[in-house]
Structure formats: C-alpha cells, structure tokens
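Coordinate inspection notes
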Amino acid sequence: MAMLYISIFLSLPCALFSIPYSTFTSIQLPPGVTGPESVALDPLGGGPYVAVADGRVLKWLGPTIGFVDFATTSPNRTKQQCDGTTDPNLGFMCGRPLGFSFNSLTGQLYIADAYLGLHVVGPSGGLATRLATSAEGITFRFLDGVDVDQVTGNVYFSSASTTYDLRNISQPNFVPDSSGRLLRYNPGTKSVTVLLRGLNVAIGPAVSLDGSFVLVSEYTTKRVLRFWINGPNANTVEVFLNLPGNPSKVKRTILGDFWVAVNIINQQPTPSVFPQGIKFNAFKTVLQTMNFNAQYPSSISVVQETSTEALYIGSRNVTEEKKTGSKKHVLTSVLFYYHIQFDDAGDLYIADPYYGLNVVRHDGGLATQLATTVEGVPFRFLIAVDVDPLSGYKCLTVHSNGRLYSKVIEVRPYNQTVTVLLRGLSGAVGTQVSSDGMFVLVSEFIAKRIQRYWLKGPKANTAEVFMAFQGNPNKIKRNPLGDFWVALNT
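Predicted model, so just to flag it, every value in this text is computed and none were measured.

**Some thoughts on the overall build of the chain**
Scanning the chain from terminus to terminus reveals two helices and 46 strands. Taking all 490 residues of the chain together, 56% fall into the buried category. Sequence-distant contacts in the chain: of pairs separated by 6 or more residues, those separated by 24 or more amount to 45%. When the accessible surface of the chain is totalled, it reaches about 20300 Å², and 53% of it is carbon and sulfur.

What follows is the structure, given as structure tokens:
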C-alpha cells in the first residue's frame, strides 16, 4: 500500500529563526501511486496537492476521502494505461508534472511537465492548457520547476537540459551537461523569454516576495544563483549561495525567506544520500538546517513552507521498506508546527491545520478532538488558538494562505457551540483574548494590521482596526499584566 508520509512535529519555538519539529505520522496515497515531487496548498488553504509519477496532480480532501484526481497535462492520457505507471517511456502519453505553483489571485495552477512543457489549469482542475513547448526554437526536453510572481503574474520556470530528458538520467554512464535554462512566461503577451542559459542542471526557481529577483539552483555545481529582474542590477546574475550538497527546488516562504532541498551524496565506503532542508533569507544568511535522513533514506526534491510554521517535503524517489509483511512507499513528508495554549486547569489546546481543535488533559496522553467544522464547512487551515482566561471559551483563527477567506471562530466547550466572530480576513495568523475577556485581537499577515473584535460592552460584536504596521504581523501573545507582544516581520 502506498503511503504519503505526513510528519507532524510538535514543540515550542526555541530560537528566533529556528523552529524545531519532533513527531512523524503518515497518511495513505492511492494504491500504486509513487514519486510525488512537488507539494503545495491552493490560495484557499486546500490540499495538499502532489504531482506524482503517473502524470496526475492529486488533491488531498482530508482523512475521510483521501486523495482525488485534480489535473492532468496530456490530452492522450488514459486511466487504464497511465494510473499507477512508473514507466518513463509512457511519459509523453501520460505526462509527468515535476513542479507547480499557484497564482494566489486567480487560483490558477501553473505546471511544469518534464515531457510536455508549460501548462496551466483553473481552480476547478481538469485537463490543463498547454502554454509553451519551446523557446528560441529549441523544444523543451526537461522542465522541472516553476514559480509565479504574485505581483506581476509572470511565470518563471526552469529546464534541466536541452539535450536529454527524464528517461536518460537513470541510464548507465549518464553524464549531465550544462545546457539548462531559466525562462519567463508572460501571460499577457503569451511569450517566453530565456533569461539564463548554460546552467548546470537548473532546478526549481523561486521569485522574491517583492519581485526584484529570482533564484534558481544548479544541481551539479551545488549552488543557487540569483538573477536580478529589476533594479540597478537588472538582467545580471550572481552566485547567491554555495551548498554542502546537490540542491533541488528552491521555494519561497510567506515571509519572503527561502527553503532549498539539498542532498549530500557520499560514494564511500558505500553510496549513501543525506537529505537536508536549508532555510535562508534574501541577505544570503542561513537561518535553519534540518536533516531528514531519519525519514528519507534517499533524496528529497522540495521543502516548502506553506505558512510560517508548516513544511511540506516531497521526493521523486521511492524507497521500499518491509512492514508487517508488506511494502510501503516512502514518498512525501508534511511537517506541521501546531499552535498550542494552556488553560488555567492545565489542559493543553492544540490548533491542528488538518484535524481541527484538540485538547490534551493536564495528565497528558492522546488528544481529544473538540471541533472540526463551522457553519457546516470543515476547518481548512487552523493556525492559532487562545483561551479566554475568564469564560474558558476558545478563540481560533483559520488561515487561508493569504486570500480574504480567513476567520476568527469562538468555541464554547461546555455546550459544544462553534461560532464565526469575524470573516473575510486577509491571512489571519494569530489571535489573543484580553485579560478581562472584553475583546479579542487578531493579526492579519497580508493586510499588515491587527483587528480588535469586541466580545462584551457597548461595542460588542463589532470590529475595528486596532493597529497597523509597516511589516507583516504573526502571532500575538498576552503577558501576565494584560499587555501584548506581536511577532513582526519587515
């Protein structure tokens, strides 16, 4: 049975830039499905979406339904011939998406297919539309990554080579070349521009938050390059970061930092791979290094942070392990950092992005699920929780990956009622109740502000802008005196 490994890591932050993770669990992929290389959430917080070896993009609908088909790139694909296949010779018929990226404004998913070129599909999925198959008269042979500039809508994508394709890399005596390219697709003009040539296996571009530059990794030279899109250095390239191993995709975080998947390959005394995720900022400073060799005995392809405290790890490779007489596929890991809050009784309340509001009693043990829906709609991305110190009511925030769909929710454990207090928030990520229980504060990451919702008093059930910032606010915390701290990223 194929498994998609979801690594759920729960602990408290211990440093300014580093978030620790510590727990590992799993969910099932459809039978026979292997090799998801890319992972993402859509602008509404849905997913995760994974691109798998048989040519499909799959969407996870939760533990009850599991994964369903979302998109394909080949008009010639048939489920009978393609579903579950690992035969690279069927790639031109079945497709093989190796990278994808959402446009958060339109909800469109741009897909880099190794064999079939650059595609796009709408928010409802289905057969993707082919956008480009060549540039400067040279046919794409090995597209492997894509990212969308969320400001301009331009699409940046990478080609590993112009001379070989995905089938060649597993052949004996294969030697990679330096014919990789970084390219840009303009949806307005429907034109493709080559930005860089002669790259040493280019993989997975990532555009900066302000759109001033794009990063692309070079696998064989073990480095990340920066191409300046605008500014005084526009249309120039520089070595941005040298790495300890072979890099794969680069992915931008919601705060504008980056993760790159790195595989340290040792040939002696026996061949071995040590996968890592390295987080760094726009100033070339390494912020965090995470080792994944305990979860992956082979290489990884992507480390993507979908909120400030959640990581998704994907791998093209499949490792088989024995387990109770059957085989399992080690495919993709999803790492979550939960937001937690104690009440006065010592019970621990946990905001779980997938499994809703949970509580662990003061003596520990397995958490009990308290709430998973509101107004008949499942929580899609629960990100924060606080406890009213007087009433014991719980205030939660549901974050929706940056668009205007976030909510603040109140849960009353005693009668099990769940109520929406505020809706239409722009990337709600933190909530905190005042010490007297009069109001609740919620931070809006995208709108760069904190709102105050009055729970009691003459302004009860109304909201107002409490504070505006130059940067993006994250979690809010109340101190024992009733004041507040907010994490701010500028």
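**Brief notes about the sheet that holds strand β19 (residues 213-218)**
Taken in spatial order, the four strands make up an open sheet running β18-β19-β20-β21, and their pairing is antiparallel. The open sheet has two free edges, formed respectively by β18 (202-207) and β21 (237-242), since each of these has just one partner strand. Strand-to-strand, the axes of this sheet are offset by a mean angle of 25°, without reference to chain direction.

**Quick notes on the nonpolar core**
Among the nonpolar cores identified, the biggest contains 15 residues, and L118, F140, V146, V155 and F157 are the most heavily contacted of them. Of all the elements in the fold, those that place two or more residues in this core are β8 (109-113), β9 (117-121), β14 (143-148), β15 (155-159) and β16 (180-186). Take this core: its biggest share by element is three residues, from β14. Excluding its chain neighbours within four sequence positions, the residues that come into contact with V155 are Y110, L118, V146, D147, V148, L183, R184, Y185 and P187. Judged by nonpolar contacts, the second largest core, of 14 residues, contains W228, L241, F258 and V260.

**Focus: the pairing of strand β25 (residues 286-291)**
In this structure, strand β24 (residues 272-280) lies alongside β25, joined through five bridges in antiparallel fashion. Pairing of K279 across the sheet is with Q288, part of β25.

**What about the pattern of salt bridges?**
Inspection of the entire model under this criterion finds 21 salt bridges. Among the ionic pairs, R56 bridges to D54, the shortest N-O distance being 2.7 Å. Across this residue pair, the class does not change: R56 and D54 are buried. The partner of E136 in a salt bridge is R197, and the shortest N-O contact between them spans 2.5 Å. Of this pair, E136 sits in the loop between β12 (134-135) and β13 (138-139) while R197 is found in strand β17 (residues 191-199), placing the two residues 61 residues apart along the sequence. Under the relative-accessibility criterion, E136 is labelled exposed at 51%. Several salt bridges share partner residues, and in doing so they unite D54, R56, D69, R77, K79 and D83 into one network.

**A short note on the state of the cysteines**
In protein chemistry, a disulfide is the covalent bond that joins the sulfur atoms of two cysteines. Under the definition given, this model contains one disulfide. Between the sulfur atoms of C82 and its disulfide mate C94 the distance is 2.0 Å. Measuring handedness by torsion sign, the sulfur bridge of C82 and C94 sits at about -80° and is left-handed. Placement of the pair is C82 in helix α1 (residues 79-82) and C94 in helix α2 (residues 91-94), with a sequence separation of twelve residues. With relative accessibility at 0%, the residue C82 sits in the buried group.

**Brief notes about unusual backbone geometry**
Cis geometry is adopted by the peptide bond preceding P48, which originates at G47 and carries an omega value of 15°. Within the secondary structure, P48 sits in the loop between β3 (38-40) and β4 (49-51). A positive phi angle, close to 65°, is found at N173, a residue other than glycine. Given a relative accessible area of 77%, N173 falls into the exposed group. Positive phi is not limited to glycine here, since K448 has a value of about 60°. Relative to the helices and strands, K448 is located in the loop between β42 (439-444) and β43 (449-454). By relative accessible area, which is 33% here, K448 ends up partly exposed.

**Considerations on the sheet that holds β42**
Taken in spatial order, the four strands make up an open sheet running β41-β42-β43-β44, and their pairing is antiparallel. Each edge of the open sheet is held by one strand with a lone partner, namely β41 (428-433) and β44 (463-468). In this sheet, adjacent strand axes meet at a mean angle of 25° when their direction is disregarded. In terms of strand pairing, β42 meets β43 through six bridges, oriented antiparallel. Within β43, the position partnered with E444 by the bridge is R449.

Procedures and definitions
- Residues numbered from 1 in each chain as written.
- Predicted model: local features only at pLDDT ≥ 70, side-chain atom pairs only at ≥ 80, totals over all residues.
- Heavy atoms only, no water.
- Helix = DSSP H or I, 4+ residues; strand = E, 2+ residues; numbered from the N terminus.
- Buried < 20%, exposed > 50% of the residue type's maximum accessible area, 1.4 Å probe, protein only.
- Contact = heavy atoms within 4.5 Å.
- Areas by Shrake-Rupley, 256 points an atom, 1.4 Å probe, with all protein chains shown as cover.
- Pairing = 2+ DSSP bridges.
- Axes fitted to C-alpha atoms, helices over the stretch in contact; angles between N-to-C directions.
- Core = buried A, V, L, I, M, F, W, Y, C linked by side-chain atoms within 4.5 Å.
- Salt bridge = Lys/Arg side-chain N within 4 Å of Asp/Glu carboxyl O.
- Disulfide = S-S within 2.5 Å.

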